[in-house]
Number of protein chains: 2
Amino acid sequence: MRFLIFISSFFVSIASFASQSNETNSTHPNLVLTKQGVSSMRANLGKVPLFDKTLESTIQLVKAEIEAGIQVPEPKDLAGGYSHERHKANFFTMQKAGVLFQITGEEKYAAYIKEMLLAYAELYPTIDKHPATRSYARGKFFWQCLNDANWLVYTAQAYDCIYDWLDAKTVNKLNKELFRPYADFLSLENPQFFNRLHNHSTWGNAAVGMIGLVINDKELIDRALYAFDIKSGSGVDNDGGSLNLQGYKEGGFVAQIDHSFSPDGYYTEGPYYQRYAMYPFLVFAQALTNKMPELKILDYRNGLLLKAVDALINQTNSQGEFFPINDAQKGMSLSSRELVNAVSMAYHYGGNDTGLLSIIENQNRVPLNDSGLNAAKAIADGRSTAFKYKSLELRDGANGNEGAIGILRSKDITLVMKYAKHGMGHGHFDRLGFLLYDENGEVIQDYGSARWVNIEHKDGGGYLKENHSWAKETVAHNTLVVNKDSHFDHNVKAADKSPGTPYYFDSSEGIQIVSAKELNAYENVEMHRTMAVLEIEELENPLVLDLFSVQAPGDTRYDLPVYYLGEFMSSNQKFEINNELSPMGTNDGYQHLWQEAQSNIEGDLMQFTWFNNRSFYTMTSATLAGDQVLMTRIGANDPNFNLRRDPGLILRRVGGNTLFANLYEKHGSYNYASERPLNLFTTIADLNVIHQSEGYVAVQFELKSGEKYQFSFSLNNKESNSSHILEKNGKSYNWQGVYDLKKLTE
Amino acid sequence: MRFLIFISSFFVSIASFASQSNETNSTHPNLVLTKQGVSSMRANLGKVPLFDKTLESTIQLVKAEIEAGIQVPEPKDLAGGYSHERHKANFFTMQKAGVLFQITGEEKYAAYIKEMLLAYAELYPTIDKHPATRSYARGKFFWQCLNDANWLVYTAQAYDCIYDWLDAKTVNKLNKELFRPYADFLSLENPQFFNRLHNHSTWGNAAVGMIGLVINDKELIDRALYAFDIKSGSGVDNDGGSLNLQGYKEGGFVAQIDHSFSPDGYYTEGPYYQRYAMYPFLVFAQALTNKMPELKILDYRNGLLLKAVDALINQTNSQGEFFPINDAQKGMSLSSRELVNAVSMAYHYGGNDTGLLSIIENQNRVPLNDSGLNAAKAIADGRSTAFKYKSLELRDGANGNEGAIGILRSKDITLVMKYAKHGMGHGHFDRLGFLLYDENGEVIQDYGSARWVNIEHKDGGGYLKENHSWAKETVAHNTLVVNKDSHFDHNVKAADKSPGTPYYFDSSEGIQIVSAKELNAYENVEMHRTMAVLEIEELENPLVLDLFSVQAPGDTRYDLPVYYLGEFMSSNQKFEINNELSPMGTNDGYQHLWQEAQSNIEGDLMQFTWFNNRSFYTMTSATLAGDQVLMTRIGANDPNFNLRRDPGLILRRVGGNTLFANLYEKHGSYNYASERPLNLFTTIADLNVIHQSEGYVAVQFELKSGEKYQFSFSLNNKESNSSHILEKNGKSYNWQGVYDLKKLTE
């Protein structure tokens, strides 16, 4: 009802707006919005439901803010605190108000922005750096330049929308007293922030560049695109990244594109940070496309910026949540504001892939610009199709030759294995680690970061101490820990130098394989993990086979953690529980683990079944004499209760060259309203290692129904015409190509 | 597409059916279905979407079972095992097939039932009692008579549907060799099962009665309605309930109605078991309504059976899940098959309350009978309205004078306090305990039972050892533990004898109050808890005020647990964590708790904030010198990992007469995609006890914005015209009636 009233009152405003505006003098908006785009949005009002709906909710949001009044407080607080959250709300609101002014023509929006900007112009000369000193680059309105750059990226858009509406004196004042000095502050005065290759710097570049475009300041635009001469720099940033700018060769927006993404669109810090960085990348690219089309920025590096959006979408689970590799708060998803902008832009500029429309439908809003209008129109025309999530290997490194992540999807199963670059200050020591999902979410989890973003209760919303002492450590991940020590002795520099080594990736239907090596994480230890997602005709769900081969000196102690989610059901092994708990160690993350129970494995098979959501899951391990399995719980040495009390199990083995062979099976179902369980036991009867050496791994597994399968894999020769032969107990097995899966008939 | 095909192929079958059936000879179906009802269902096919949809999915389910073939295995397994689950699937399928035969007229359904019944008739004489010996009343096809009674309740319906279709010889054989002996087995041969007042016996009564109605056996019908002479009996059932039938006066279906429900429709074992019992109550009542309308069973005790459905619906949270008081597996909900039958029946026979239609819409299916058709038609006609969940006190006891549970609902908050009867073998020692919900689910939880129903991994799906040692104990609940001992010294008989004492219940808008006493749970200790849900104009959500008053000897040790759900955010108190954990005790549930941290409270205020789902919650406590707060975790002494590792806090105090005054506030929000926190700190600045005595409790609380409120309550006089006066620090406070809430102006 309200919506109808709004629409009808609308055309009146637009009519009056059209008669007021002086078409001949006006050049703005020309940053993210364009004059032509605004005409088109106006012409389509009331005709495109998703666009109209977003517009209406934006009007309501801005209305509430305008009613609350202008507040430009003295900068004081960290994230989560009043002044921080207020300044943040201000820039979001100004950007929205600018768009609303353009679309509706109602001057209240322009007046609101003008008043707000003048208040900032008053404040700016009176303040020094933000009083909080914890950042390597303290900001003005915020505790770190990063947030100030956010402010400028959004505010530049608002300013563009009212630029022609403002009187010349006000424009002159704002340019001279607020925007130009602010842009200089964020660049010249903070080279350690502006001139690096880093997501923070991307924001800085976009901020300076966008305000440069608005006020037509070529110097700022050049600085944004290509950085400036660097004089000095030292120390590390808040995340431990180096700030040493001596001898630094590159910087600026173009260099960020060159270095931040791999040719596959993968971002070395992982999807959580990629999502954050995509906004300045894309919004500045949008502005450059409008104002400097000759740059062809969206075509740069074979259209890399839009390819990066596709890579990002493919790094999500069935709930649209990003894989939480490296530092990442779980739950960040395709419905974030950054992706609302990115996906519509990818649709609009990237060839109108109708699969993207289904994602936009789920987002349930569009950006209020050309891209959003175009996407919303296509949805209204019924052109949306399901997005086709792919199995793919995303190579890391600017040239695509520094490791990768492998993503295998089969029916409801999604497997992710990580053998990429370390990811700099936000990287985790998790080489060859994996994550497993099904249609209900996490099955075997990555912990993510130890952080509550923007939650003041938790150390101001920043990274918690336990992020370093737990979340980054190897034992917090589903990968091998050697001698209770994290990979690379948890040294970021060493890890950054040495990416993982992709070996084989195959996304063929029915048998999908990802295989990679890590030769440098530990001295004298060569690790090679091969994971396969197999569709077995007798089984309801694909099986996940995990063959972790290690070459190492004798008496090496191995811990292989598996962070299953859910409740333990049963095991074929007898666990002894501990009624006195002590931390499992003093360092490398072990200090945060309780050992709730342990079992000295009997026989050569360990099976462990758990329940989560509506399904059962069983891990089957081929074990050796002396192997142990431990049941662990996160939470020791956690004085502020920063860690989730999640369970895990650890397979423990002492030995030299060895193979950890595991199968993961999802089976059956149960729901609490019918209380009817189906297939609550695994269908796997046995798992045996047939062969393990530097050259090969081979296992056999047997179903309870009697069928036997053998999987053999060459660790050194992946040529499709290579021939291989293995012998065991007088039998010989031969095959061609890197792997062989056969059903045995005996 | 398939649906359309189905509909069209349908009318062909019906036409041919009508020409085949011999209207003059047929009297069946006349149990749950009637001939008239079947005609009406047929006449409406293709016209009532929800009915058609349920029919189609039923056809698919039965199709799959028919294709799988008849399997009537030798009884061997416990719940979750093959033979158990097979026999269970058989009776569900036969009942469905019977209905499908009537509606579609397709003989394959009748033939399937006939073949299945003949297989059972073959099996029956060859077997003794089920080999598993763990039940007090071993069954034939199942390990307990209870499941056999289930079988007969469902199978009687199937039999009724094909009765007229069968040849006389088959009917004769089935009646003589299967049904009559089986009915005698479940009654005469198992009086300890059949003749009690108990939900098991309700199933037994319905089973015997329904087969009696089908085969027109007056003796069985009488036995079902009124039981039979009881000769002997001793011992206890599997849940610890007494089986001593000496001197037993009553039994049978009518007596079950007399004794199982309070006049408000509350069932003393709680909603989880009420849900289970409702099916035999209602389906037998339906059959009696059809065949013996003169009994007016649905009018009996002022229409109690339908009132019980309303009571049951009101005992659910915003997800439609039953409050898990007493032994209850969480997640059981209005979408269970029992409620699918019950809610449509309540609509059909209970005056067409359109609010019930919204619940049926959520159930997304209807029973395939008159009630279901009627409800589905009303939904198709757009008559559904939102169900109005009520604040109400549900009295316990056959006469309504044995305690109660109080349910307060205000905006998104639902508070439940329990001061009912113990609930027999399934009762928990939780007098004056409470549960708190909001729109996202549990805020302060009741543990529920320690059981995975039907999950064979977990001790065959039955109650786990930890149900007794943890879930029933007082410390597992949000109520007061005195001297580390459970209520009634965890003696079921003592608890059963002595219900809680309701004191005051008020569901007025804005200020809702529940208040009750427990005088017998501990010797020399009088407990009186008053909880109020207050809408305070300055606050976004209602406040929950909790005043737990105790009169007891000096040096009594009090533990008041609060099982909040979610992650700890912060506290105004400093916690010391424990890096060596031991169980907190050896008995009464303490043996299952780890003490993760503790704080000797400084000052006279304890505040504790946590986060769950998308909201923040803060508990504010007025504390005394010497008070402690402990942070606990469930999981010690749990050899099979049967317990969830949930957190709790315990307020610990040593003293005599005292008052525990607490406030619970839900505030703010956060979501992981926007990462924007709102109101993440409590608005409560202070909470003070102004007065506490045998006669009165009074507290003041102050908001951070400066407003002060006082709540005063008379513990002994609740007359509306009573006058009260309290003095404190020279000030006097006076009011009329049991309580007073005032905003203070100073």
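Residues numbered from 1 in each chain as written. Chains lettered and ligands numbered in written order. Predicted model: local features only at pLDDT ≥ 70, side-chain atom pairs only at ≥ 80, totals over all residues. Heavy atoms only, no water.

Attention shifts here to the packing of aromatic side chains. Residue and element names in this part refer to chain A. Scanning the model with the defined rule gives 97 aromatic pairs over all chains in all. Arranged with centres 5.7 Å apart and planes meeting at 85°, the rings of Tyr 558 and Phe 660 form a pair that is edge-to-face. Linking Tyr 558 in strand 11 (residues 556–562) with Phe 660 in strand 19 (residues 658–667), this pair joins segments that are 102 residues apart in sequence. Like Phe 660, Tyr 558 is buried. When the ring of Tyr 696 is compared with that of Trp 735, the centres are 5.7 Å apart and the planes differ by 80°; the resulting orientation is edge-to-face. Residue Tyr 696 is found in strand 21 (residues 696–703), and its partner Trp 735 is found in strand 24 (residues 731–736); the two are separated by 39 residues along the sequence. You can call Trp 735 buried: its relative accessible area is 6%. (Phe/Tyr/Trp six-rings, centres within 6.5 Å; stacked < 30°, edge-to-face > 60°. Helix = DSSP H or I, 4+ residues; strand = E, 2+ residues; numbered from the N terminus. Buried < 20%, exposed > 50% of the residue type's maximum accessible area, 1.4 Å probe, protein only.)

This part covers the sheet that holds strand 25 (residues 739–744) of chain B. Residues and elements named next belong to chain B. Taken in spatial order, the four strands of this open sheet run 20-21-22-25, and their pairing is antiparallel. Edge positions in the open sheet fall to strand 20 (684–692) and strand 25, since each of these has one partner strand only. For this sheet, the mean inter-axis angle between neighbouring strands, taken without regard to orientation, is 15°. Here seven bridges tie strand 20 to strand 21 (residues 696–703), and the two strands are oriented antiparallel to one another. (Pairing = 2+ DSSP bridges. Axes fitted to C-alpha atoms, helices over the stretch in contact; angles between N-to-C directions.)

Residue and element names in this part refer to chain A. Domains assigned within chain A are domain 1 (2–380) and domain 2 (392–744). For domain 1 versus domain 2, the separation of C-alpha centres amounts to 40 Å. Facing 34 residues of domain 1, the contacting portion of domain 2 comprises 48 residues. Where domain 1 abuts domain 2, roughly 3,400 Å² becomes buried across the two surfaces, and 49% of that area is made up of carbon and sulfur atoms. Taking the shortest distance from any N to any O, the salt bridge between Arg 395 and Asp 264 comes out at 2.8 Å. With three residues, the single largest contributor to the side of domain 1 that touches domain 2 is helix 13 (residues 300–314). Along the lines of polarity and charge, the residues of the side of domain 1 that touches domain 2 split into 11 nonpolar, 13 polar and 10 charged. (Domains from an automatic or database assignment. Contact = heavy atoms within 4.5 Å. Buried area = accessible area lost by both parts, 1.4 Å probe. Salt bridge = Lys/Arg side-chain N within 4 Å of Asp/Glu carboxyl O. Nonpolar A, V, L, I, M, F, W, Y, C, P; charged D, E, K, R; others polar.)

In this complex, chain B contributes 58 residues to the contact, which on the side of chain A involves 59 residues. Of the roughly 4,900 Å² buried where chain B meets chain A, counting both sides, 57% is carbon and sulfur surface. It is His 457, Phe 641 and Glu 675 of chain B that lose the most area in chain B upon contact with chain A, and together they represent 16% of the buried surface on that side. Inspection of the region where chain B meets chain A yields two salt bridges. Note that Arg 645 of chain A is salt-bridged to Glu 596 of chain B, the shortest N-O span being 3.3 Å. In this assembly, chain B and chain A are joined by 21 residue pairs in polar contact (both at pLDDT 80 or more). (Polar contact = N/O pair within 3.5 Å; in protein donor to acceptor, adjacent residues only side chain to side chain.)

Turning our attention to the relation of the copies chain B and chain A. One copy of the chain maps onto the second through a rotation around an axis plus a translation along that axis. Under the fitted operation, chain B is carried onto chain A by 0.0 Å of movement along the axis and a turn of 180°, and the coordinates agree to an RMSD of 0.1 Å. Such values leave the two copies arranged in the relation of a two-fold axis. Ranked by how close their C-alpha atoms come to the rotation axis, the residues of chain B are headed by Leu 581 of chain B, at 2.5 Å. (Least-squares fit on C-alpha atoms with pLDDT ≥ 70 in both.)

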